[in-house]
Every structure is written in structure tokens, then in C-alpha cells.
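# Descriptive structure summary
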Amino acid sequence: MIASSIKNTHQSSHFINYCRRPLSSTTATTPKQQQQDDPTYTLLFHRSPSRSTPPRAMLGISTFNLSYWTWYVADFTPSVNAAAQSKLALGQIDAETLDILLIDPKMGYVGLGVSLAIWGGAFMYVKQLVSAMWKGSNGSMAVSGLKLPLLTEPKVLKRTVYDPNSNQFDGVENIQFTQSELESENVEFYSQGDLSISGEKDVNDLLVKFDGEFGKKIGHLALKVNDDNDGSGENGNDTSSALSHLSKQKYLLDIGSVDEIMPNASPHLLRSLVIRDHHLMTGGNKKVQTNNNGRRGSWKHNVKPDESDEDSRANSVNVGRSIKKKGFRTRRNR
């Protein structure tokens, strides 16, 4: 009887101690919380790796040219002139022959300066070329350039994912990348509106001629980083405006074919690279500004944000058509 009582008392103490244990502080992470902690990114633009050969050749030849003229100035010219002076000191040549053998150092410095300018231009060009652009689930944008010295694309773009439903490997355009995954490749991140197209003519062609379809705008698009002091660029002389745009230029979006722009990517690129810089804000009705002279100023149209790709695509096309009818045509005909 006593043994049974002791056994029941022992079991009760174990149960009380178990109930007194503190709850674990770790909780299951919901998909929404995980998305906030590590947003996902979808590819918008992917520059074809096969088009990296010309930039490599440009950078390689300019580097070789700079190296040659550096050697010419630092080693070749001093060595030849020193040898000629030593022969004159030994009496092996006369003064007239010395004048023929001596090399003017100015020619070397001129060649070095020109080669340095060529190399600097080539380096800045390849450094600003965009290899890939992503849109984030949090509304941000990620941009990656070509990696020096061989101008290779980020290794994350070589990843493929097997789809058991189609029994095939999904292409890079269908893969969801995480922010931590892109950070390991030194990708730079920007909030929506931090980047914009730098050239007014490029924006006009993109909206008026191509209705906001980036895949049809073959060639280079200069991208700048916006700040609070950015103006519309309509005031001031053309030279200072061009220098200002050039100093703020951050990237070169080189579009070689329609295939490099991912499907349904144009609406997001339009919102991120054009709408903020040309005051096409969200909410409200359209507004027309007038200046002191009573003339119609810059045209503003408001677009409602939408998470759906199809709705955003329709909104972006409407923005392009509205600007085409109201804004840029009017500005161009002035």
C-alpha cells in the first residue's frame, strides 16, 4: 500500500514538472513571413552570354594597347636614349648620329595619353553593361553587371530547376531567386523608382514608337540613379544637361533581341524606369500643369497599382498610349 502511494506521488511530480516547462520561443515560419525576410526575385532581362565577345575584345585590345605604351614610355625610350648617350661617350658615334638615334619622349607620352583615354572609355562601357535584371516580390529591382575581368554573367543564372509535371528543366526565366542568393553574387538592389532611363529621346521612342514594349527597343538604354534634386532636364543648355546625365549614368541596358526581355517584363520595367521619372504617379485623376505664360506643361497621368501581371500590363499599355496621344507628341511638336 505504501509502495503504491509512493509510485503515484512520483508520477504526479513528473507530470507537474512537465507542465511547468516553458513553451519554446521558436515558432513555425509562415510563407508570408519567409517572403518578407528573404524576398523572391523574377528575371526581367537577361543579356545573352554570346554577345560578350565584342566587349571582351574591346577591353582586351585597349588593355594591350595601354600596356604597350606604358612599356614604351617607362622602359623602351629610356633604354634606347641611354644606350645612344653611352655610345657617344665612348666615341663610337658622333653628335649627328646621336640626334638620329635619340627618341623624343613626347611622342610616347602622347601615345600613352590616347591609349589611357581609349582604355578608360572601354572599361567604363563594359563596367556599365547590364547582365541581368530582376523584379522583387517587395517591389524592388535587382541589377547585375558583367563580372570582371572576363566579363562573365552571374553564376546564379546557370541554375536550372527540374519540373516533375512537365518532365523538363525550367529555364532561368521561370526560376524564383531569393535575395540572399543574389546577394552572394554582388547584385545591387534598388527600390522602385530609384533607377530611370536617362535619355529623353529614348523615353519618347519607347513610349510613342514602341508602346512601352522594351523588347522592340533594340540598342542601348542609359540608366541613371535618381535623387531628390533631379529635375526634368528641360531647363538649361543642352551641353550642361548632357554632362549632368552622363555623370549620373549608372548602367547601360543593351537590348540585342526580343528574347532577352522576359515575357510580361515590359510593364514592370515601364513602371520602374519611366513612370517615376516622368511623374506618372499612383491614384487620382490626370493633371495638366500650366506655367506662368499660360502654356500647357508636363502631362501627368495616374495609374492604380495592381499585383496582377495582366492588369499591370493593361495599365502600362494605357499609360503608353495616353502619353503618346497627350504628352510626348505635344512636347515634340513645340
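These lines cover the structure that appears in this document, whether it is placed above or below.

Rules used in this analysis
- Residues numbered from 1 in each chain as written.
- Predicted model: local features only at pLDDT ≥ 70, side-chain atom pairs only at ≥ 80, totals over all residues.
- Heavy atoms only, no water.
- Helix = DSSP H or I, 4+ residues; strand = E, 2+ residues; numbered from the N terminus.
- Buried < 20%, exposed > 50% of the residue type's maximum accessible area, 1.4 Å probe, protein only.
- Contact = heavy atoms within 4.5 Å.
- Axes fitted to C-alpha atoms, helices over the stretch in contact; angles between N-to-C directions.
- Parallel < 35°, antiparallel > 145°, perpendicular 65-115°, else oblique.
- Left-handed = near helix turned anticlockwise from the far one by under 90°.
- Nonpolar A, V, L, I, M, F, W, Y, C, P; charged D, E, K, R; others polar.

Further remarks concern the overall build of the protein chain. Helix and strand content of the protein chain: 10 helices and 12 strands. Here the protein chain holds 334 residues, and the buried ones make up 34% of them. Long-range contacts, defined as pairs at least 24 residues apart, comprise 70% of the intrachain contacts of the protein chain with a sequence gap of at least 6.

This part is about the packing of helix H3 (residues 53–89) against helix H5 (residues 105–128). Close contact between H3 and H5 brings their axes to 8 Å; oriented N to C, the two are set at 155 degrees. Judged by the angle between their axes, H3 and H5 are roughly antiparallel. When you trace H3 past H5, the crossing you get is left-handed. Taken together, the residues of the contact of H3 with H5 sort by class into 18 nonpolar, eight polar and no charged.

This part takes up unusual backbone geometry. Omega for the bond connecting leucine 148 with proline 149 falls within 30 degrees of zero, at 5 degrees, which places this linkage in the cis form. One can find proline 149 in the loop between strand S3 (141–145) and strand S4 (161–163). Positive phi is not limited to glycine here, since asparagine 186 has a value of about 60 degrees. As for its position among the elements, asparagine 186 is in the loop between helix H6 (179–183) and strand S7 (188–190). Phi is positive for aspartate 211, close to 55 degrees, though the residue is something other than glycine.

Spatial relationships are all this shows, so hold off on functional conclusions.
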